[in-house]
Structure formats: structure tokens, C-alpha cells
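The primary structure of each chain is shown beneath.
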Amino acid sequence: MALNSNKTRIALVSLVVLAITVAHSFGIRSRGGYLHHLYHACFFLPLILAGFWFGLKGALATSLSITLLNLPELITHFEKFSPIEFDYMLQMGIYNVVAACLGILRDRERREQKRALEAGRLAAIGKAISCVAHDMKTPLIAIGGFGQLLMKHFETGDPRLEKLEIIVKETRRLEMMVREMLDFSRPLELHRSEEDMCLLVRESLAVVNEAAAAKRVIVFSTPANPPRISVDPLRIKQVLINLMINAVEASPEGEIVTVATYKQGKSLVVDVGDKGDGIPEGKMEEIFSPFYTTKKNGTGLGLTIARKIVEAHEGRLELLHNSGKGLIVRMILPIGRRA
């Protein structure tokens, strides 16, 4: 059985804890002897293994298990809080403190490793995309330009004109995809200023309203008075429009898309909620992956670029299940950052 299996690791940690507990309980006559302290020190071995393998939750579960397994002996031999009992209780406390420290450090290390791997992966993808996009840009401009010139030579109703319109339309769609690919591959330059987020939300709504009306979806923004915040207004509006359009497209006809802006601690939060089918639990993180899309004509870069913009503002994007139905995309931005 491979040691990298979680079940094997859990079994090994449990076995070591039980073995030390049994040895400690039945192999020692004197609670103050050298073996007593030796067995107590041995409990650090499963704690270290659990912290390294499972992080904070696993380390705390192991330390609490050790505490509970040793609790009967402490109760049985408790004698008016003698130095031995104090030492025993101190050991139990140290196990839990060490477990918490090990678990926190391990979880932090895993997050940093994941972030570094993600950054490297995105950098490699961005470099490849940039090369492809630059090669596509010039011929697409030529195709679109010549298509529009040819359209002027045909009269309305000519069947050839209809085919040219399709060519021009699809060329524009490809040009939009190229722009998104270039946005994804280029480093972001932010031009910050102190902005009213509610005003940015209203301006974004004005852009989205036409698409919402065509689908008979109502986009409703809750009134709020949050503090002004240092952001790049054009970039944040790009994120807001993307999130709102996604919510409108995900929602059935006649539903309501809600946009809520509010302060939460030292952060400003914007929630965009839809009434669509939602996303399966296992697919949540994939939504932010490049080229992952559930849309027929989507590029799969919209949310990836949105997250890139938000993270450049030292914020984050989160996906939450909407109450009852649909999905909430939450944008969290720090308030304290100055322009």
C-alpha cells in the first residue's frame, strides 16, 4: 500500500498514537519515572507526521486525540494538583500548541507552493497565448477590413452580402478573443484613483442593461454608502461588467440578478448573484482556469482576467452558492490602499 495514500497515512498516525498510549498506560509503574517522560516525548512523532501530511486540521485532530486518550490517566491519578499533575496538563497543552503551529505553517507552505505553481503555469500559458495572439492579430484585421470594403460593392438583398456579413461578424468575434488573450498575457498596469464603488456599479449597469433587457432579466443594485476606495476605475468596471454579463447569461428569462455593495471589516465587497443552475462543487476552482467555459461562444478567459485584475488590486474573487438557486461571485477589495 503506497504511503502517499491519505488512508494509509491516517492509519499510520493512528497506530503510532495508540501504540505509544498502550505502552505508556501498561508499561509504566511509576508516573514520575524516566519512561513516563520518554513516552510523552514520543507523542511528538505522530503530531509532526500529522501536521506535515494533513496541515492544521490533521495536526489538531491528532493532538486532541492524544489529549483524550491520556485524560483517563490524569483523572485517575489526580492528587490535589501536585507538580506531576501540573506537568501532565502542561504536556497536553504543549501538544495542542505545537500541533496548531505545525498545522498553520504547513498550510501556509502549501498555499505558497500552490500560488507559485499557479503563477508559473499562468506565465507559461500567457507567453504561449501572446505569441499566438500576435500572429492572429494582423491577418484578422486584414480579413475584417477587406470584408467591409467588399460589402460596399453589393446591394441590399444580395445573398453574397449576407455571407460577407457573417465573415465580418465572426472576424470581429475572433478579434475580441485576441484582445482577451493579449489582456491575459500582458502584465497589468493600474492607474489608481479614489472612486465611489456605487457609482462604478451604476455605470457598469448602464452597459449591461441592454443585454439584460433583451433577455428580460432585471439587474437590481441594492442601495449602499460604502467608503471611497483606491482602484483603477476602468479595470474594475471591466470586472463588474464581466460579472454582470455572466450573471445575466446564466439566469433564466424573468429572473433577477442582484448586485450588492457593502463594507465588511477593512474590505469593500461587491456581490453579483444570479439565478442560474450554479456550478458543481468540484468545478468551482476550474471556473477561474484559462479557457474553461460553459458558454457556446465563450473564450474561457473572462473570469481569469477578472481575477487577475482583482488580485492586482490586492483583493480576491470568491464563488459562493446563492441561497436557493444560482451562484454569487464575490469581489473583495481592501479599503486602506491609497492612490
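Starting from 1, residues in each chain are numbered consecutively following that chain's sequence as written. Confidence filtering applies because this is a predicted model: local features only for residues at pLDDT of at least 70, side-chain atom pairs given and counted only at 80 or more, and all residues used for totals across whole chains, interfaces and linings. Here the side-chain values reflect all heavy atoms present in the structure, with hydrogen atoms and water set aside.

Some remarks on the pattern of salt bridges
Any carboxyl oxygen of Asp or Glu within 4 Å of a side-chain nitrogen of Lys or Arg constitutes a salt bridge here. Applying the stated rule across the entire model yields four salt bridges. Measuring nitrogen to oxygen at the nearest pair gives 3.2 Å for the salt bridge that ties glutamate 203 to lysine 237. Of the two residues, glutamate 203 is situated in helix 6 (residues 197-214) and lysine 237 in helix 7 (residues 233-250); the sequence distance between them amounts to 34 residues. With a closest N to O distance of 2.7 Å, aspartate 271 and arginine 330 form a salt bridge. Helix and strand assignments follow DSSP, with helices taken as H or I runs no shorter than four residues and strands as E runs no shorter than two, numbered in order from the N terminus.

Quick look at the packing of aromatic side chains
Stacked, tilted and edge-to-face are the three classes assigned to paired rings of Phe, Tyr and Trp, where Trp is represented by its six-membered ring and a pair needs centres within 6.5 Å; plane angles under 30 degrees give stacked, over 60 edge-to-face, the rest tilted. By the definition in use, this model includes three aromatic pairs. Relative to tyrosine 95, the ring of phenylalanine 43 lies with its centre 5.8 Å away and its plane at 70°, an arrangement referred to as edge-to-face. With phenylalanine 43 in the loop between helix 2 (34-42) and helix 3 (44-76) and tyrosine 95 in helix 4 (residues 83-151), this residue pair connects regions lying 52 residues apart in the sequence. With respect to class, phenylalanine 43 is no different from tyrosine 95; both count as buried. Taking 6.4 Å as the distance between ring centres and 75° as the angle between the ring planes, the aromatic pair formed by tryptophan 53 and phenylalanine 54 counts as edge-to-face. The classification of residues rests on relative accessible area computed with a 1.4 Å probe and restricted to protein chains. Under 20% of the type maximum is buried, over 50% is exposed, and intermediate values are partly exposed. With a relative accessible area of 21%, phenylalanine 54 lands in the partly exposed category. A connected cluster of aromatic rings, assembled from ring pairs, spans Phe43, Phe44 and Tyr95. In this scheme, the term charge over a ring applies when either NZ of a lysine or CZ of an arginine sits within 6 Å of the ring centre and within 35 degrees of the ring normal. The ring of phenylalanine 52 has arginine 106 lying over it, and the distance from NZ or CZ to the ring centre is 4.3 Å.

What is shown is where atoms sit, not what they do.
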